[in-house]
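Structure assessment
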Amino acid sequence: MVSGDCDLLVVGAGAAGIAAAREARSLGLRVRVLEARGRIGGRALTDHSLGTPFDLGATWLHAAQSNPLVPLAEAAGVELFDHDSVRDSRVWMGGRWASEAEMRDYGAAERAWHQAVRLAAARPGISLADAAPRGGFWDATLTHWEGPVIAAAEARDIDLGDYLATLLNGSNLLPRDGCGHVLGVLAQGLPVTLEAPVERISWAGRGVRAEGPFGALEARAAIVTVSTGVLAGGGIRFDPALPDSTMAAVHDLPMGLLTKIGLPAAGEDRLDLPPFGGLERRLEEGERAMTFVAWPFGRDHLQGFAGGSLAWDMAREGDEALVDLAFSELRRIYGARADRALRRADAVLSDWGRDPWALGAYAALRPGRGGAREALSAPMAGGRLMLAGEACHPNLAGTLAGAWLSGAQAARQAAGALGMPAGGSSSA
């Protein structure tokens, strides 16, 4: 049972919840964090069953130059590696690898694709698919990359303005021990209660009351950091119900899905791919595919990614379907060599689509629903009830940085509502 009241209740111990708790404590608030899972980290989970760290969820610290987690991780002694410095992407053309000249053409096509998409921003409310060029040799491949692979959703389901607002700039850093490890380090010392799912939040009075299998806990204010998938599915019952504007924003920001698989090497064969070697294939319009990153840090596993509708199909069909898909993709290139080089039986898979505390990977804005991220993070009850998380951030959505900044901002707003000084603490 959870006992004792507090100033601020934080629901969820992912990046947003950890940031909110750290910021609130730095402002002098008594804090309690309730986490449904038996671990902290949320959608950042570092698995070790392959013998080395493997991130099943969040993997990179994107936009490193403006990412608040970078200086915090470095100050905590976490080793970060610049993935961009060693990128070596290869593209399968259906029978052979792309030549150097074709890769240069691919790069030029990418620049032209982005220019066309930016020019289309003059047409508000359209989807990324409406803006993306079609018919060019590389166009379908680029749209697949920017939609399902990067945004975890189909281009037709992504608002163009939001896509442009959330484009990431700067370096992409990899924590050698995993993003889950980073959050674990930054959560040390916080008052987190695990395996304490919140089922009901009452916020009609002057305070907030949370109820669940743990019992009940009362606070002066609350920050709820669960995903839009959990909110849309009624995973927490609010009394009174959340405002119509908030729920509209929840439904305008449905969860996308990016699923990962780790395939360990069976022997010495590394499939002629260097450490961090990227692997994709050229696609025709309407095709779907997986992409891969080989042997990160020289470790003996291959990482595969499936996004958007393909990932949701795999979530419905089950783990074996995803393993089949990964080997099917690799056999296109390597034939039976793929089966000999990788251990199918020891594959490790993410499961965010079926995880009841996530129900997806990160949120994508529906076309024409601009302003939903701001509406989702709008204070309720004068700031006594707040939502926070990656879906709330207008520029770093879908990232740990966005979740972290959203959680810290919500804590400052809650502190202000409670009459505490809420000025720009940087201690989160």
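Read on for an overview of the structure.

Scoring rules and cut-offs
Residues numbered from 1 in each chain as written. Predicted model: local features only at pLDDT ≥ 70, side-chain atom pairs only at ≥ 80, totals over all residues. Heavy atoms only, no water. 1 Å grid on protein atoms, 1.4 Å probe; cavity = no way out; pocket = protein on both sides within 12 Å on 5 of 7 lines; lining within 4 Å. Points joined across faces, edges and corners; volume = space filled by probe spheres on them. Helix = DSSP H or I, 4+ residues; strand = E, 2+ residues; numbered from the N terminus. Core = buried A, V, L, I, M, F, W, Y, C linked by side-chain atoms within 4.5 Å. Buried < 20%, exposed > 50% of the residue type's maximum accessible area, 1.4 Å probe, protein only. Contact = heavy atoms within 4.5 Å. Expected span 1.5 Å × (residues − 1). Phe/Tyr/Trp six-rings, centres within 6.5 Å; stacked < 30°, edge-to-face > 60°.

Describing the layout of surface pockets
For the second largest pocket, the calculated volume is near 370 Å³. Lining the second largest pocket we find 21 residues, and of these Thr143, Glu154, Ala155, Glu285 and Gly286 sit closest to its centre. Elements that contribute at least two residues to the lining of the second largest pocket include exactly helix H5 (139-151) and helix H10 (308-317). In terms of residues, the lining of the second largest pocket owes the most to one element, H5, which gives five residues.

Examining the nonpolar core
If you look at the biggest cluster of nonpolar residues, it comprises 42 residues, and the most contacted ones within it are Leu8, Val31, Leu183, Ile223, Leu400 and Trp404. At the level of secondary structure, the elements contributing two or more residues to this core comprise strand S1 (6-11), helix H1 (15-26), strand S2 (31-34), helix H2 (69-75), helix H7 (179-186), strand S11 (215-224) and helix H14 (400-417). With eight residues, H14 is the largest single contributor of residues to this core. Formed by 34 residues, the second largest nonpolar core is a distinct cluster that contains Cys6, Ala210, Ala219 and Val226.

Quick notes on the environment of Val86
By the element assignment, Val86 lies in the loop between strand S5 (80-82) and strand S6 (88-92). Taking C-alpha positions, Val86 is 10.0 Å from Gly278, a pair spaced 192 residues apart along the chain. Not counting residues within four places of it along the chain, the set of residues in contact with Val86 comprises Phe81 and Phe276.

Comments concerning H5
Helix length check: H5 (13 residues) gives 17 Å between terminal C-alpha atoms against 18 Å at 1.5 Å per residue, within 8%. Of all 13 residues in H5, 11 are buried; the element is thus mostly enclosed. For H5, the set of buried residues is Asp139, Ala140, Thr141, Leu142, Thr143, His144, Glu146, Gly147, Pro148, Val149 and Ala151. Once H5 ends, the next one or two residues include Ala152, with phi positive near 65°.

Overview of the packing of aromatic side chains
Overall, the coordinates contain nine aromatic pairs when judged by the stated rule. Each ring, one from Trp92 and one from Trp97, has its centre 5.1 Å from the other, and the planes form 80°; the classification is edge-to-face. Judged by its relative accessible area of 11%, Trp92 is buried. One aromatic cluster in this structure is built from Phe81, Phe276 and Phe297.

Coordinates in, geometry out; function isn't part of it.
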